[in-house]
Amino acid sequence: MELNERQREAVLLAPGPALVLAGAGSGKTRVLTSRIAHLLEDGLYPGQILAVTFTNKAARAMRERLAAMLDMDLRGLWMGTFHGIAHRLLRMHHELVDLPEQFVVLDADDSQRLVRRAVRELQLDDKHWPARQVAGRISRWKDSGLGPQELAGERSVPPQLLEIYQRYELLRERAGALDFADLLLYALRLWNDAPLLAQYQERFQQVLVDEFQDTNAVQYQWLRRLAEGHQNLFVVGDDDQSIYAWRGAEVENLFRFQRDFPGARLIRLEQNYRSTAPILAAANAVIAQNHDRLGKTLWTERSEGAPVQLYRAYNEEDEARFVVGRIEQWVAAGGKREDCAILYRSNAQSRPFEEHLLRAGVPYRVYGGLRFFERAEVKDVLAYLRLVLQRHDDAAFERVVNVPARGIGAVTLERLRSLARERGISLWQAAGEMAQPKLNAFLTLIDRLAEACTHQELDEQVRLVLEQVPLRDWHARDGDRGEGRLENLEELINAARSFALQDGSEGLRELSPVPGDILSEFLTHAALEAGEGGAEAWEDAVQLMSLHSAKGLEFAQVFLVGLEEGLFPHQRSLEDPAGLAEERRLCYVGMTRAMQQLVLCHAESRRLHGAERLALASRFLRELPAEEIEELRPRARISRPLAPALSASSGGRSDCPYPLGGRIRHPVFGEGTVLDYEGGGRQGRVQIQFSSGSKWLALGIVSLERLS
DNA sequence: ATAGCACATATCTTT
DNA sequence: TATGTGCTAT
């Protein structure tokens, strides 16, 4: 595809620092990929390029695009997330930062458990110090580069919290483990080794960064030091799409960059190629309500396009029914399911859509939520493997010492913990010293397992765990609930096999020269990339995902749902102007995902956490320009289905000849949109929204022309 | 020590 | 809603 003038300029820019402010849909990824291709064609070796993306998905996509553009061996080209790259470096140079060779990576859940343990060890009330929140604060401090020492003098930090932080660090270090934030911190520490830094500065002649507005303080420092020699740092970002401040991202890095790299070239990409004019106008109007923007207005050459539609649903069921109806209509007209995306603020909102899609027999795929490697039964098996690798991994030890139940209860465990605490040793060591039969049996089990696992294929190692540890029986006793877990255990074997195959053949491994055990690779993979792609990944399916995970993607049809005060914008940001601005950017991100048709939905009433609540339309809807919006009026009949059975029977709406949301033409009233329908056959009636208002029409009498 | 049950509680986004 | 925690009976 041709590049426009600005894009071309960015791609061909001479070496040196450069900042590309790239609006949504302005061809950002294309510029980045083209520049890499250009550098390679210009004679740079793949090994001299480092490209950093924000998600694993984005890294994969870019690699694929690059491979398609160039007929070239890309081995040696480093492309990945900050976390992934940091991990790779740490595997290679662990000794420089006093890490054990087999260090493990803690995911968010592991970190929380460790916090809980720290709280208990300090004899603090874990009600008063909820692990989830404390872990969140610690992680944010770490993202800004603040260790316990730096916080010591801070009056705003309660002393207990500081103590918890310190204890957490102690436990974590003893376990030879790194949390997500540590990966970045330790990677930054690597740069304190001058020869090593010089080596990488020499090696990576060109550093390119995607989604730069989402970098945090530590990531920025890491980049700055890496590039401070040759200054060949090419960053691409959009302040309007900064949606990760809650995770420590600092948009200010865009300004810092210009300050720290004087003479940096600035290029703005403002021409949008993705969306129709109405979609763009609507999105621009919303984001214009934010202040302190770098200033940038997207425009498009396209003038055509359907208006943005707004559907006001009675409740979340109605919302789901409407959206699924529209999707069925799209598919019936020959559209692909995968071109339809349902985007919501929080993952919990997926359920009514899943139910309606299921009922309608429409394949769908949900991204996010509880992912494969985050499931308890899967994490248990992984914990056994972690112990095999690293006996001092206390988190893993605690997780499975009594799973399945083997008579090691709270009392024994408490004794273990205090012994470990007193002597400053790991739980594994403490268990060895206790010389208690049941504990010994557990230690022996792990040792035997480790022995059996040596020199085995990865999937064989997983199989060995399931063979030597009666986890299957344990879950099988759990009846219905256990069945799914059993399936997940079998799936884990498959996951291990395909990971090993991919890793050994052509995939990651050759491209990323990581030394060390495939097992530890796999465990890191499980923590870093919680596992998306299921077997049905290639099936044509409707896509359901949170707004956050939609960033960087595009779809012909976007249904942005749940636009209600308290839900979106989220309750917790209502009070806080900065939080509200971020919610608005999130809305902007969501709207700009749409290429052809954007449908916005909100419900008047919503069941949330089990309780029914009235919901006000989101303030973002009031910010829309009326002339771009086609409002679908609320239905006249207001009734919540009394029972699931009832809604199921009325859910079989295939007997209505006009799909909900579809366009029709009436001989007198003209064009309209099908809003609702009740009754069956010729007795049924259908509600149509005409420009003059909405009307109920008897199916037996009128004849309506269907428009595609 | 463990299973089962009642009760409380916090509701989001992700590497 | 759904998850987790604490209590009680076994």
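Fair warning: this is a prediction, and the values are worked out from it, not measured in the lab.

A. How the structure looks around the protein's contact with DNA strand C. The environment of DNA strand C is made up of Arg116, Arg351, His609 and Gly610. Between a phosphate oxygen of DNA strand C and a side-chain N or O atom of Arg116, the distance comes to 3.4 Å. A distance of 2.9 Å separates a phosphate oxygen of DNA strand C from a polar side-chain atom of Arg351. Split into classes, the residues belonging to the surface near DNA strand C amount to no nonpolar, two polar and two charged.

B. Focus on the nonpolar core. In this structure, Phe373, Tyr384, Phe397 and Phe442 are the most contacted members of the largest nonpolar core, which totals 52 residues. Within the residue set of this core, elements represented by two or more residues are helix H16 (376-389), helix H17 (394-400), helix H18 (410-423), helix H19 (427-434), helix H20 (437-453), helix H21 (458-468), helix H23 (480-504) and helix H25 (518-528). With nine residues, the single largest contributor to this core is H16. Residues Ile85, Val97, Phe103 and Leu233 belong to the second largest nonpolar core, which totals 41 residues.

C. Region of interest: the protein's contact with DNA strand B. Neighbouring residues of DNA strand B: 27 residues in total, closest Arg247, Arg345, Asn347, Gly407 and His609. A breakdown of the atoms of DNA strand B within 4 Å of the protein gives sugar and phosphate a share of 56%. Here a base oxygen of DNA strand B and a side-chain polar atom of Trp246 are 3.3 Å apart. Take Ser549: an N or O atom from its side chain is 3.5 Å from a phosphate oxygen of DNA strand B. Among the residues forming the surface near DNA strand B, the class breakdown is six nonpolar, 15 polar and six charged.

D. The UniProt feature "binding site: ATP" (unreviewed entry) in chain A, seen in detail. Within this numbering scheme, the UniProt entry marks Ala22, Gly23, Ala24, Gly25, Ser26, Gly27, Lys28 and Thr29 as carrying the feature "binding site: ATP" (unreviewed entry). As for its position among the elements, Ser26 is in the loop between strand S1 (18-22) and helix H2 (28-41). A relative accessible area of 1% means that Ser26 is categorised as buried. Those residues in contact with Ser26, other than ones at most four positions away along the chain, are Gln7, Leu269, Gln271, Asn272 and Tyr273. Checked against the element boundaries, Lys28 lands in helix H2.

E. Broad picture of the pattern of salt bridges. All told, the structure shown has 52 salt bridges when counted by the stated rule. Between Arg113 and Asp109 there is a salt bridge, and its shortest N-O distance comes to 3.3 Å. With Arg113 and Asp109 both in helix H5 (residues 108-121), this residue pair falls four residues apart, about one helical turn. Residue class for Arg113 comes out partly exposed when judged on its relative accessible area of 38%. With relative accessibility at 30%, the residue Asp109 sits in the partly exposed group. Between Glu169 and Arg172 there is a salt bridge whose closest N-O contact spans 3.1 Å. On the criterion of helical spacing, the pair formed by Glu169 and Arg172 is a turn pair, its members being three residues apart in helix H8 (residues 159-174). By the burial criterion, Glu169 is buried, and Arg172 matches it. Taken together, the shared-partner salt bridges connect Asp107, Asp109, Asp110, Arg113, Lys379, Asp380, Arg386, Asp393 and Arg399 into one network.

F. Representation of the packing of helix H4 (residues 82-93) against helix H11 (residues 217-227) within the structure. Between H4 and H11, whose axes approach to 12 Å, the crossing angle comes to 60°. Considering the angle they form, H4 stands oblique to H11. Where H4 crosses over H11, the two elements pack in a sense that is left-handed. The residues of H11 that touch H4, namely those facing Phe82, His83, Ile85 and Leu89, are Gln219, Trp222 and Leu223. Along the lines of polarity and charge, the residues of the contact of H4 with H11 split into five nonpolar, two polar and no charged.

Definitions and cut-offs
Here the residue numbers are simple positions, counted from 1 along each chain's written sequence. Both sets of labels track the order of writing: A upward for chains, 1 upward for ligands. In keeping with the predicted nature of the model, local features appear solely for residues at pLDDT of at least 70, side-chain atom pairs appear and are counted solely at 80 or more, and the whole-chain, interface and lining totals rest on all residues. Calculated side-chain values reflect all of the structure's heavy atoms, with hydrogen atoms and water omitted. By convention in these notes, a residue is near a molecule or strand provided one of its non-hydrogen atoms lies within 4 Å of it. In protein, a polar contact means a hydrogen-donor-capable atom and an acceptor-capable atom, both N or O and within 3.5 Å, with residues adjacent in sequence counting only if both atoms are side-chain atoms; elsewhere, any N or O pair within 3.5 Å suffices. Any residue outside Ala, Val, Leu, Ile, Met, Phe, Trp, Tyr, Cys, Pro, Asp, Glu, Lys and Arg is labelled polar, Gly included; the first ten of those are nonpolar and the last four are charged. By convention a nonpolar core is built from buried Ala, Val, Leu, Ile, Met, Phe, Trp, Tyr and Cys residues, the set being connected through side-chain atoms within 4.5 Å. Remark: exposure states derive from per-residue accessible area (1.4 Å probe, protein chains only) relative to the maximum for the residue type, with buried under 20%, exposed over 50%, and partly exposed in between. The numbering of helices and of strands both runs from the N terminus, where a helix is a DSSP run of H or I of at least 4 residues and a strand a run of E of at least 2. UniProt positions are given in the numbering used here, feature names are shortened, and annotations may be inferred rather than shown by experiment. Should any heavy atoms of two residues lie within 4.5 Å, those residues are considered in contact. Counted as salt bridges are all cases of a side-chain nitrogen of Lys or Arg within 4 Å of a carboxyl oxygen of Asp or Glu. Where helices are involved, their axes are fitted lines through C-alpha atoms of the stretch in contact, as for all axes, and angles between N-to-C directions lie from 0 to 180°. Should an angle fall under 35 degrees it is taken as roughly parallel, and over 145 as roughly antiparallel, whereas 65 to 115 is taken as roughly perpendicular and any remaining angle as oblique. Crossings are sorted by hand: turned counterclockwise from the far helix by less than a right angle, the near helix makes the crossing left-handed, and turned clockwise it makes it right-handed.

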